[in-house]
Amino acid sequence: MDCGHPRKPLAALAMAADRPLGPASPEIAAVIVAAGMGVRAGQDGPKQFTRWRGKTVLRAAVEALRAGGVGPVVVAIGKDMEHRAAQTLEGIDSVSLVSGGATRQLSVRAGLEALAGKPPELVLIHDAARPDCPAEVIGRLTAALTSARGAIPNLPVVDSMIHAASGQMHRPANREELRRVQTPQAFIYADILAAHRQWQGEPNAGDDAQVAQAAGMEVVLVEGDERLRKLTFAQDFMASTLPSIRTGTGFDVHRLTAGEELWLCGLHIPHDKGLAGHSDADVALHAVVDAVLGAAGQGDIGQHFPPSDPQWRGAPSARFVEHAVALAQAAGYTIGNVDLTIICEAPKIGPHRDAMRARLAELLGTGLDAVNVKATTTERLGFTGRGEGIAAQAVATLVAQE
Ligand code: MG
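For clarity, every value in this text was computed on a predicted model and none was experimentally measured.

Looking now at the overall build of the protein chain. Helix and strand counts for the protein chain come out as 12 helices and 20 strands. Across the 402 residues that make up the protein chain, the buried fraction comes to 47%. Within the protein chain, contacts between residues separated by at least 24 positions form 72% of all contacts whose residues are at least 6 apart in sequence. With the model as given, the accessible surface of the protein chain reaches about 19,400 Å², and the carbon-plus-sulfur share is 52%.

In structure tokens:
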């Protein structure tokens, strides 16, 4: 492999969109190293693609940096990982992929070179295997770069430390002098790029702070965070894949009008009026869709099925439910349970309740016991009490898949 030359980005997942930054905010880019095979983790494949808290480790790492104010992200990936990486990062803008090198240092170098066309002011260099970067750490790092050219997060060592040799204690180590070093490590972009370009040392350089120091850059320490621990062993994933529960709520109203069919909870209900509006105006399913989308962090029904789009006119709302469930599954969740309340004076819901529950369970792909349908009136008060419309509200929980 021609390791010494810049590599072209393999794929731009989306056109780079500049972050809306104030004039005083420096532009922060990131290079994430995700080229390793992660064999120590005891997973089926590379650990950056293993599910952790409902998403892949790599996606979580990118999202955490973005939430901390980071703009463009370049991910250095290994051989034959392009498709998987593009898939797992789908929908996140300003992310690009580059081929990593034979060593970590060369992978970082490739990532830095990929940013050279539009150089950022600051760059964070990060391991994909540390997916839970708190925004506070990014804040401490960038603050430190106002007076230094490099900054790294660290934590004190709490265990006793020794030097070992040949399976035996050699001599005690002074833990006061030792620190646990984490990533992301932060640098002035132009400086760390130059340092990597001139690096002549051991190709398996432990981290970028070493490369920076070899180039004469001062590297200061900022406080790290236990959340930045590296996911290394199988138990790291087991501990973190305990069910993560998410909740969403949905509420909807449609007007009752003579001459319309009444669809409620995916069923055609005989009545002298029907609901008017978007699609088949199934107010109950619309509330369920919004609850599922809400729990999945996927916006609302109007964003996915805009009323202005003619393809949804008269569409069965069952399709919206199936789409919302598919989105939740793509985000790593299955339906935990759904509880629906229909609010109207008429028709009576009781006679249809069992059929509604069965239809809802079918659409959600759950057992009957995961679905509940309730009904109430509003004591003849308000628009529902006057029979002018029907309201529905729903709560959904999602459970992270293994
Ligand atoms: Mg609606």
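On we go.
What follows covers the coordination of the magnesium ion. On the protein side, the magnesium ion has Asp252 (OD), His254 (NE2) and His286 (ND1) as donor atoms, found 2.1 to 2.3 Å from it. Between consecutive donors of the magnesium ion, the numbers of intervening residues give the motif D-x1-H-x31-H. Of the two residues, Asp252 and His254, neither departs from the other in class, the shared state being buried.

Close inspection of predicted coordinates is inappropriate for parts of the model with low pLDDT. Per-residue confidence for the protein chain averages 87 on the pLDDT scale, and 88% of its residues sit at or above 70. No element of the protein chain has a lower mean pLDDT than strand β1 (residues 11-12), at 40, and none a higher one than strand β19 (residues 371-376), at 98. Contacts of residues 1-23 to residues separated by more than four positions or lying in other chains number 48 contacts, the stretch itself having pLDDT below 50.

The subject of this paragraph is the environment of Asp207. Mapping Asp207 onto the fold places it in the loop between α5 (189-198) and α6 (208-214). Taking the relative accessible area as the measure of exposure, Asp207 reaches 17% and is therefore buried. It is 8.0 Å that separates the C-alpha atoms of Asp207 and Arg104, two residues lying 103 residues apart in sequence. Among residues more than four places away in sequence, those in contact with Asp207 are Arg104, Val181 and Gln185. One polar contact links the side chain of Asp207 to the main-chain amide nitrogen of Ala209, over a distance of 3.2 Å.

In contact at an axis separation of 12 Å, helix α8 (residues 283-296) and helix α11 (residues 353-364) are set at 35 degrees when each is read in the N-to-C sense. Relative to α11, the crossing made by α8 is right-handed. Counted together, Leu285, Val288 and Val292 of α8 and Leu360, Leu363 and Leu364 of α11 form the full contact between these two elements. Tallied by class, residues from the contact of α8 with α11 come to 6 nonpolar, no polar and no charged.

Here we come to a nonpolar patch on the surface. Side chains of Phe251, Val253 and Phe383 sit close together on the surface and give an oily, nonpolar patch of about 260 Å² of accessible area. With respect to the secondary-structure elements, Phe383 resides in helix α12 (residues 382-385).

Rules used throughout
Residues numbered from 1 in each chain as written. Predicted model: local features only at pLDDT ≥ 70, side-chain atom pairs only at ≥ 80, totals over all residues. Heavy atoms only, no water. Helix = DSSP H or I, 4+ residues; strand = E, 2+ residues; numbered from the N terminus. Buried < 20%, exposed > 50% of the residue type's maximum accessible area, 1.4 Å probe, protein only. Contact = heavy atoms within 4.5 Å. Areas by Shrake-Rupley, 256 points an atom, 1.4 Å probe, with all protein chains shown as cover. Donors = N, O, S within 2.8 Å, 3.2 Å for Na, K, Ca; no water. pLDDT = per-residue confidence, 0-100. Polar contact = N/O pair within 3.5 Å; in protein donor to acceptor, adjacent residues only side chain to side chain. Axes fitted to C-alpha atoms, helices over the stretch in contact; angles between N-to-C directions. Left-handed = near helix turned anticlockwise from the far one by under 90°. Nonpolar A, V, L, I, M, F, W, Y, C, P; charged D, E, K, R; others polar. Patch = residues over 30% accessible without salt bridge, like charges linked within 9 Å, V, L, I, M, F, W, Y side chains within 5 Å. Salt bridge = Lys/Arg side-chain N within 4 Å of Asp/Glu carboxyl O.

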